[in-house]
Amino acid sequence: MTTQQQEGEKRYDPGDTTLKFVNRQDDLDPLDDDTETLKAEMSCGHAVTPESLTGWCRSLLDQSQFQFLCPALEDGTFVKCGAEWSYQEVRRLAVLTTEEMEHFEKTLAALAAARYCEYKSCPVCETFVEREDLTNLSVLCTVCTADKGQRYEFCWQCLKQWKGPAPRSDRCDNDGCINQDLELLKNCETTSLPQVAGVTDCPSIRACPTCGQRVEHDKTGCKNILCPRCNKEFCFVCLKLTEECLDTSSYFTACTEGVAPRQTSIPTWHRN
């Protein structure tokens, strides 16, 4: 047995010799002062309880992140550990129930498919179609092509039958074909990051500089954000990858080059 249940809470079984137990603060809970609850050590060396580990990993899934990364800060720094935990390790040390395992595994599968495949329903036959070339909005539906006896392509952006020359990455020639994400980037309201000194009037919506995923900051914590799609961490303020941004600033101070302007194009993700 890995756990013993007390009043509905998950707890480790102190007799489990397959886990390494430690007598220190829960590294996933900086306010933890509970000296009674047993903690176990993850592969990265940080201490957790089943409850804190389950809560953190569930929150990652809720943010569409399917890689479990350790959020604990290294001793005496603001640098996150960032070590990746396997699902097998999480399942064991979070002591997932049958229902939790089912939820985790279904969500992980869906998120992985969304990351590695780009697909939508054909507007005519509703068959799922994958877009292999992320720089081309013109997409061929093989089912409709076979049914109609002639090539059928639709626009990935407006979902109407393709009109105009192809390939094309901005729009087709149908009226009203616009990139809604780009319009949001151009016209979104500004925001401030209360915990980051000197950051005001920052666009409230950004496109990840690596993959183009639209993201928003929850206005808590540091200025960096982890993209739920490509899993790259970047600065929401200057739009540089975190490592580059931290060369000249810190997590909670303004960027040396100030706030990056509104984005007028969306980066294309080159998955290789």
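Keep in mind the model is a prediction, meaning the values are calculated, not measured.

J.: So what exactly am I meant to see when it comes to helix H1 (residues 50-62) here?
T.: An α-helical segment advances 3.6 residues per turn. Residues three or four places apart therefore align on the same side. Relative to the 18 Å expected for 13 residues at 1.5 Å per residue, H1 spans 18 Å between its end C-alpha atoms, a close match to the ideal helical length. Of all the positions in H1, only Pro 50, Ser 52, Leu 53, Thr 54, Cys 57, Leu 60 and Leu 61 are classed as buried. Once H1 ends, the next one or two residues include Ser 64, with phi positive near 65°.

J.: Please clarify how the pattern of salt bridges should be interpreted in this entry.
T.: For side chains bearing opposite charge, pairing can occur when the charged atoms are close. Evaluated as defined, the whole model comprises 12 salt bridges. Of the charged contacts, one joins Lys 20 and Glu 41 as a salt bridge, the two residues approaching to 3.1 Å between their closest N and O atoms. Separated by 21 residues along the polypeptide, Lys 20 in the segment before strand E1 (21-22) and Glu 41 in strand E2 (residues 39-41) bring together distant segments of the chain. Of the residues examined, Lys 20 reaches a relative accessible area of 52% and is grouped as exposed. Its salt-bridge partner being Asp 170, residue Arg 168 comes within 2.7 Å of it at the nearest N-O pair. It is possible to trace a salt-bridge network through shared partners that takes in Lys 20, Arg 24, Asp 27 and Glu 41.

J.: Quick question: what am I supposed to make of the nonpolar core here?
T.: One recurring pattern in soluble globular proteins: nonpolar side chains tend to sit buried together. One finds Leu 53, Phe 68, Trp 85 and Phe 104 to be the most contacted residues of the largest nonpolar core, which totals 24 residues. Elements supplying a minimum of two residues to this core: H1, helix H2 (87-93) and helix H3 (98-116). The residues contacting Trp 85, other than those within four sequence positions of it, are Leu 28, Met 42, Ser 43, Cys 44, Leu 53, Trp 56, Cys 57, Phe 68, Leu 69, Cys 70, Pro 71 and Val 90. If you look at the next biggest cluster of nonpolar residues, it comprises 21 residues, including Val 199, Phe 234, Phe 236 and Cys 245.

J.: What is the right way to read the packing of aromatic side chains from this model?
T.: In this description, an aromatic ring pair is defined by two values, namely the gap between the centres and the angle between the planes. Scanning the model with the defined rule gives three aromatic pairs in all. Where Tyr 12 meets Phe 21, the ring centres are 5.9 Å apart and the plane angle is 50°; that geometry is what we call tilted. Owing to a relative accessible area of 2%, Tyr 12 belongs among the buried residues under this scheme. What makes Phe 21 partly exposed here is its relative accessible area of 25%. Where Phe 154 meets Trp 156, the ring centres are 6.4 Å apart and the plane angle is 20°; that geometry is what we call stacked. The same class applies to Phe 154 as to Trp 156, namely buried. Taking NZ or CZ as reference, Lys 148 lies 5.5 Å from the ring centre of Tyr 152, over its face. Sitting over the face of the ring of Phe 236, Arg 206 holds its NZ or CZ atom 6.0 Å from the ring centroid.

J.: Teacher, can you tell me more about the sheet that holds E1 here?
T.: Working definition: the strands of a sheet are paired by backbone hydrogen bonds and lie parallel or antiparallel to each other. With antiparallel pairing, three strands are arranged side by side in an open sheet as E1-E2-E3. Edge positions in the sheet fall to E1 and strand E3 (47-48), since each of these pairs with one other strand and no more. Relative to E3, E2 runs antiparallel, the two being bridged by two bridges. By the bridge assignment for E3, Glu 41 is matched with Ala 47.

J.: Looking at this structure, I do not really get the confidence of the model for the chain. What am I missing?
T.: Interpretation of this model should avoid reading the predicted coordinates in detail wherever pLDDT is low. Mean pLDDT for the chain: 89, with 94% of residues reaching 70 or above. Strand E9 (residues 153-155) holds the highest mean pLDDT among the elements of the chain, 97, whereas strand E6 (residues 119-121) holds the lowest, 82. For residues 1-7, every residue scores under 50 in pLDDT, and the model assigns this stretch 21 contacts once sequence neighbours within four places are set aside.

Rules used throughout
Here the residue numbering is sequential within each chain, running from 1 through the sequence in written order. The predicted nature of this model means local features are confined to residues of pLDDT at least 70 and side-chain atom pairs, given and counted, to a pLDDT of 80 or more, with totals for whole chains, interfaces and linings taken over all residues. Excluded from the side-chain calculation are hydrogens and water; included are all heavy atoms of the structure. By definition, any uninterrupted DSSP run of H or I lasting at least four residues is a helix, any uninterrupted run of E lasting at least two residues is a strand, and each is numbered from the N terminus. Each residue after the first adds 1.5 Å to the expected span of a helix. Relative accessibility thresholds used throughout: buried, under 20% of the residue-type maximum; exposed, over 50%; partly exposed, between the two (1.4 Å probe, protein chains only). Criterion for a salt bridge: a side-chain nitrogen of Lys or Arg within 4 Å of a carboxyl oxygen of Asp or Glu. Definition of nonpolar core: a set of buried residues of the types Ala, Val, Leu, Ile, Met, Phe, Trp, Tyr and Cys, connected through side-chain atoms within 4.5 Å. Here a residue-residue contact requires only that any non-hydrogen atoms of the pair lie within 4.5 Å. Ring geometry is summarised as follows: Phe, Tyr and Trp rings, the Trp one being its six-membered ring, pair when their centres sit within 6.5 Å, and such pairs are stacked at plane angles under 30 degrees, edge-to-face over 60 and tilted between the two. The rule for a charge over a ring is simple: NZ of Lys or CZ of Arg within 6 Å of the ring centre, and within 35 degrees of the ring normal. A pair of strands is treated as paired once DSSP finds two or more bridges between them. Summary of the metric used: pLDDT quantifies the predictor's per-residue confidence within the range 0 to 100.

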